[in-house]
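# Per-entry structural report
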Amino acid sequence: MDSSASFERREKSAKGLKVPKLADPVPTRGHRGGVIPLHRALAHFHLGPMNLIIAISLFVFFTSVWLAFLPKVCQFWNRVLALGIRVLPLRAELALAEHHLAPLIGFDIPYLRMEPVLPSSQAWWLTCTATLALLAVTFLLPSKLIPIKYLLRGILLVPATALFYFAIFPARFPHTPASYMEGLVTAGIALISTVPLLFGLTYYIFDFGLLKKAFLTAIAMTHLALFLPLQVLLQALLLQKTVLFMPVLYIIFGMPINILILIAFYSWGMTWRFRSAE
């Protein structure tokens, strides 16, 4: 088609006829001939000196505020976890792990300590039955839900490997609920600490204005700080039953959930109007 069209244009030029020019270049056309508009982020992306100054200033401000209030946040988490132990049917003890980021910045990370419980035969078979039932459900889903179908199968691969491991080597599981809980809180602190840097590289560079950038960063960090102790308590309720659920909690419902929350806030912020558009 392209060669025939170019041949016709050359033939008309040789005869002295006016050759119509293409209105739009080929890269802006879709496979059906529709125009592909430039993405709004690329169309409005202008990394001016003011945006760069604001990005650096917000990164320094929120990082400094977070490090200054981190000991207070850990104390708040300590009170929330202590309240959860008193209110919830939870057999756990509250423990503290001392950490230092600098000689002047020290804080105690609160976490829950509980005895590891290996899966009983009843718990193993119930989990195996539930995993197989969910796998069978994926074959009943319609073809239009293929992404969900394969996502569920990928998730079910984690409990399947855990079931296989505890069926063969139940006494060799190297992790304890206490070490897992401490690692979960530590990873949560690390993720919240990197929010100003991540937004500085991916959000502050756009022309949204100072207030919108500061507001999005503040609510994202606050939400993660409030979500973390609740996440710890919910996972502790499951881990006190058996450590069979630890791989699923770590790989599926651990930090990946917190990262998805951060991505959701970023996606919401990207839907706001640019300052130039306003």
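Residues numbered from 1 in each chain as written. Predicted model: local features only at pLDDT ≥ 70, side-chain atom pairs only at ≥ 80, totals over all residues. Heavy atoms only, no water.

Soluble globular proteins tend to bury their nonpolar side chains together. If you look at the biggest cluster of nonpolar residues, it comprises 62 residues, and the most contacted ones within it are Trp77, Leu112, Met181, Ile189, Phe199 and Tyr203. For this core, the leading source of residues is helix H3 (residues 49-87), giving 11 residues. Other than its neighbours up to four places away in sequence, Ile189 contacts Trp66, Leu70, Cys74, Trp77, Phe107, Ile109 and Leu228. (Core = buried A, V, L, I, M, F, W, Y, C linked by side-chain atoms within 4.5 Å. Buried < 20%, exposed > 50% of the residue type's maximum accessible area, 1.4 Å probe, protein only. Helix = DSSP H or I, 4+ residues; strand = E, 2+ residues; numbered from the N terminus. Contact = heavy atoms within 4.5 Å.)

Here the focus is the packing of helix H6 (residues 177-202) against helix H9 (residues 255-270). Taken N-terminus to C-terminus, the directions of H6 and H9 make an angle of 25°; their axes are 11 Å apart at the nearest point. One finds that H6 runs roughly parallel with respect to H9. Note on packing geometry: the crossing formed by H6 with H9 is right-handed. When H6 is examined against H9, the residues Leu184, Ala187, Gly188, Leu191, Val195, Leu198, Phe199 and Thr202 are found in contact with a partner set consisting of Met255, Asn258, Ile259, Leu262 and Tyr266. (Axes fitted to C-alpha atoms, helices over the stretch in contact; angles between N-to-C directions. Parallel < 35°, antiparallel > 145°, perpendicular 65-115°, else oblique. Left-handed = near helix turned anticlockwise from the far one by under 90°.)

Along the chain, the position of Val232 falls in helix H7 (residues 210-239). Taking the C-alpha atoms as reference points, Val232 and Gly84, 148 residues apart in sequence, are found 9.9 Å from one another. With near-sequence residues (within four places) excluded, Val232 lies in contact with Leu81, Leu112, Met181, Leu184 and Val185.

The next subject is the packing of aromatic side chains. By the definition in use, this model includes 14 aromatic pairs. Arranged with centres 6.2 Å apart and planes meeting at 50°, the rings of Phe199 and Tyr203 form a pair that is tilted. Classification of Phe199 by relative accessible area gives buried; the value is 2%. Between the aromatic rings of Trp268 and Trp272, the centroid separation amounts to 4.9 Å while the plane-to-plane angle is 80°, which identifies the pairing as edge-to-face. A relative accessible area of 15% places Trp272 in the buried class. Aromatic rings pair up to connect Phe199, Tyr203, Phe206, Phe208 and Tyr266 into one cluster. A cation over a ring is seen here: Arg153 above Phe139, with NZ or CZ 4.2 Å from the ring centre. (Phe/Tyr/Trp six-rings, centres within 6.5 Å; stacked < 30°, edge-to-face > 60°. Lys NZ or Arg CZ within 6 Å of the ring centre and 35° of its normal.)

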